[in-house]
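Next come the chains, spelled out residue by residue.
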Amino acid sequence: MKKLLFIVIILLLVGCEADSRDIILSKEKIEVPDTKHSEATETYRITYLSDGLEVTGFMVRPKEIEKELPLLIFNRGGNQEYGKMDEKILSTYLSLWAKKGYVVLASQYRGNDGGEGKEEFGGADVNDVLNLVQAAEELPNVDVENKVMLGLSRGGMMTYLAIKEGVDIKAAAVVGGITDLFNFYEERVVVRGMLDELVGDPEENRDAFEKRSAVYWPDQLDVPLLIMHGEDDWRVPVGQARELSSKLSRENADFEYVEYEDGQHLLNSYVEEYTDKTDQWFQQHINE
């Protein structure tokens, strides 16, 4: 009896130890090119746990931090190694946001950049976003009560999915986001092979496509949401954003839709304008 009791205690202790493991496994400061933004920031490559997998991500933060700063989760676009975050993105775009006064965390998603597992383009890899939010609680100088999220292109889809899964954030913003994967498959012939591999055929795997398409569940987007899209976006047709916005209006959702005249996919001609707009949106909802 004593031996059995001893074994039970050991198992309980082991279970507690496993549950209390840190999510962030490593954090290494890296050098990025000098830009007008990166000169005021510092960048770290991190490895963190998601569903038991070791996933690669990054943290960019201001060099000088005098108080806890809001957390900005950035969801990248692309798929697999295409569109992954590199030195240019870290030293310009993510450093821009850190310079504005956020601690920025971003995932490469599972299976990419040395990470374990296989990307699913909006399947279980959504947990890589959700677990990154939890990882922020292990970091210093992060105001975990004030978290926001920004997604570009495929990252917009990941943002919608994270909201559907109940992510604890104050507000979100999406630029050129995929809202209808069926339409994306139909319009972008070049991505069909990738989608066939990572998601499946839309006729045979309709549920998987609907699960990744926010136009089918606008009622579940219950976070203040800023949607921005370029009128001339040929990668993700602007009609996707218009359709989601129309459905959100019928739901009386807390959202704003901004369409940029002659704007391309990532609004490269409007970067200063849309990032200021996004920052204002975030600040409007932080501390609410």
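It should be emphasised that the depicted structure is a prediction, and the values quoted were computed from it without experimental measurement.

## Describing the pattern of salt bridges
Then, number 1: Using the criterion set out here, one finds 15 salt bridges in the structure.
Then, number 2: In this structure, Glu81 engages Lys84 in a salt bridge whose closest nitrogen and oxygen atoms are separated by 2.8 Å.
Then, number 3: A relative accessible area of 40% places Glu81 in the partly exposed class.
Then, number 4: Between Asp125 and Arg154 there is a salt bridge; the shortest N-O distance is 3.2 Å. Note that Asp125 is positioned in the loop between β5 (103-107) and α3 (126-135) and Arg154 in helix α4 (residues 154-164), a separation of 29 residues in sequence. You'll find Asp125 and Arg154 in the same group, each marked buried.
Then, number 5: Look at the salt bridges and you will find they share partners, linking Arg45, Glu81, Lys84 and Asp113 into a network.

## Details of the side chain of Asp143
Then, number 1: Summarising the element assignment, Asp143 is placed in strand β6 (residues 142-152).
Then, number 2: Within the buried core, Asp143 has no salt-bridge partner, and the shortest N-O distance to an opposite charge, that of Lys170, equals 7.4 Å.
Then, number 3: Side-chain polar atoms of Asp143 contact the side chain of Asn146, separated by 2.7 Å.
Then, number 4: Look past the residues within four positions of Asp143 in its chain and what remains in contact with it is Glu68, Leu69, Pro70 and Leu71.

## Regarding the layout of surface pockets
Empty pockets left among the atoms are what a rolling probe the size of a water molecule brings to light.
Then, number 1: Reported here for the largest pocket is a volume of approximately 900 Å³.
Then, number 2: Gly77, Gly83, Leu152, His265 and Leu266 are, among the 32 residues lining the largest pocket, the residues nearest its centre.
Then, number 3: Broken down by secondary-structure element, the contributors of at least two residues to the lining of the largest pocket are α2 (87-99) and α9 (271-285).
Then, number 4: Counting residues per element, the lining of the largest pocket draws most heavily on α2, which supplies 5 residues.
Then, number 5: Of the residues assigned to the lining of the largest pocket, the class counts are 17 nonpolar, 9 polar and 6 charged.

Quick notes on the rules
- Residues numbered from 1 in each chain as written.
- Predicted model: local features only at pLDDT ≥ 70, side-chain atom pairs only at ≥ 80, totals over all residues.
- Heavy atoms only, no water.
- Salt bridge = Lys/Arg side-chain N within 4 Å of Asp/Glu carboxyl O.
- Buried < 20%, exposed > 50% of the residue type's maximum accessible area, 1.4 Å probe, protein only.
- Helix = DSSP H or I, 4+ residues; strand = E, 2+ residues; numbered from the N terminus.
- Lys, Arg positive; Asp, Glu negative; His and termini not counted.
- Polar contact = N/O pair within 3.5 Å; in protein donor to acceptor, adjacent residues only side chain to side chain.
- Contact = heavy atoms within 4.5 Å.
- 1 Å grid on protein atoms, 1.4 Å probe; cavity = no way out; pocket = protein on both sides within 12 Å on 5 of 7 lines; lining within 4 Å.
- Points joined across faces, edges and corners; volume = space filled by probe spheres on them.
- Nonpolar A, V, L, I, M, F, W, Y, C, P; charged D, E, K, R; others polar.

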